[in-house]
Amino acid sequence: MKLQLALDTLTLEECMTLLQETRGSVDIAEVGTPFIIEEGMRPVREFKQHFPEIEILADAKIMDAGELEAETAFKAGADIVTVLGASNDETILGAVKAAKKYNGKIMIDMIAVKDLEARAKEIDAMGVDYICVHTAFDVQQTGKNPLDELMIVNRVITHAKSAVAGGVKLATIDAIASEGAAVVVVGGAICNAKDRAAAAKEMKQHLK
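The shown structure was predicted, so the numbers you read here are calculated from the model rather than taken from an experiment.

(A) Structural detail: the pattern of salt bridges. With the rule as written, the count across this model stands at 15 salt bridges. Among the salt bridges present, the one from Glu71 reaches Lys101, with a minimum N-O distance of 3.1 Å. One end of the pair, Glu71, is in helix α4 (residues 66–76); the other, Lys101, is in helix α5 (residues 89–102), and 30 residues separate them in sequence. For Glu71, a relative accessible area of 14% puts it in the buried group. When its relative accessible area of 56% is taken as the criterion, Lys101 is described as exposed. In this structure, the salt-bridge partner of Glu117 is Arg155, at a minimum N-O distance of 3.3 Å. Of this pair, Glu117 sits in helix α6 (residues 116–124) while Arg155 sits in helix α7 (residues 147–156), and the two are 38 residues apart along the sequence. Accessibility expressed as a relative area gives 56% for Arg155, which makes it exposed. Put simply, Lys2, Glu55 and Lys105 are held in one network by salt bridges that share partners.

This is the structure we're talking about:
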């Protein structure tokens, strides 16, 4: 299982420091959507240059112009680009086309998808690499947990690998790890920890 660190609200300089602190524990560095809105593809380029051993994910949450927007991220050095599962099939297929061209990967973010099981089956047949269940930041305070959705996706996919995001912390990571996901996304539980290096190391150990 890979540990993905979601970087959303820190500055580029703060992220560089954090990635240096957590080196050896983090497998994927996520340039989060707020970060992309603030900085564009610059963090993707910087992370790729300074941390070549880490996979870089651009959380573009593409909803249209799939091939064009995915290509922009891959050209900047992204290894993985996200597309929304609620987008049109043509958008997803366009992003997959770009991924093949640049030897990259597509992660589908299933945030706000209504019929998770049916849509996961459809997307699984499109040649994507990951299908990610995602409890939205805006609904995490309701106590919603992505584990139930992860179970649904794991049950129906046959080609893609599963990923899980949204409020993952030490209290929930063991249940997620036992269910199984190729990628576990952690943000605040590491970024806001007093000892971020220790937090990332502990999270990674739970995924082994």
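Having seen the structure, we can now continue with the description.
(B) Expanded view of α7. Among the residues making up α7, those that are buried are Leu147, Glu149, Leu150, Val153 and Val156. Those residues of α7 that are buried are in contact with α6, β6 (130–134), β7 (161–165) and α8 (170–179).

(C) Expanded view of the sheet that holds β7. Within the closed barrel, the 8 strands sit side by side as β1-β2-β3-β4-β5-β6-β7-β8. Their pairing is parallel. Strand-to-strand, the axes of this sheet are offset by a mean angle of 25°, without reference to chain direction. In this structure, strand β5 (residues 105–109) lies alongside β6, joined through 3 bridges in parallel fashion. Bridge pairing in β6 links Met107 to Tyr130.

What counts and how
- The numbering scheme is per chain: residues are counted from 1 as the chain's sequence reads.
- Local features are withheld for residues below a pLDDT of 70 in this predicted model, meaning they are given only at 70 or higher, and side-chain atom pairs are given and counted only at 80 or more; totals for whole chains, interfaces and linings count all residues.
- In computing side-chain values, all of the structure's heavy atoms are included and hydrogens and water are not.
- Any Lys or Arg side-chain nitrogen found within 4 Å of a carboxyl oxygen on Asp or Glu counts as a salt bridge.
- By definition, any uninterrupted DSSP run of H or I lasting at least four residues is a helix, any uninterrupted run of E lasting at least two residues is a strand, and each is numbered from the N terminus.
- Remark: exposure states derive from per-residue accessible area (1.4 Å probe, protein chains only) relative to the maximum for the residue type, with buried under 20%, exposed over 50%, and partly exposed in between.
- Contacts: residue pairs with any heavy atoms within 4.5 Å of one another.
- In short, DSSP must find at least two bridges between two strands for them to pair.
- The angle between two axes is taken between their N-to-C directions and runs from 0 to 180 degrees, where each axis is a line fitted to C-alpha atoms and a helix contributes only its stretch in contact.

All we've got here are geometric facts, nothing functional implied.
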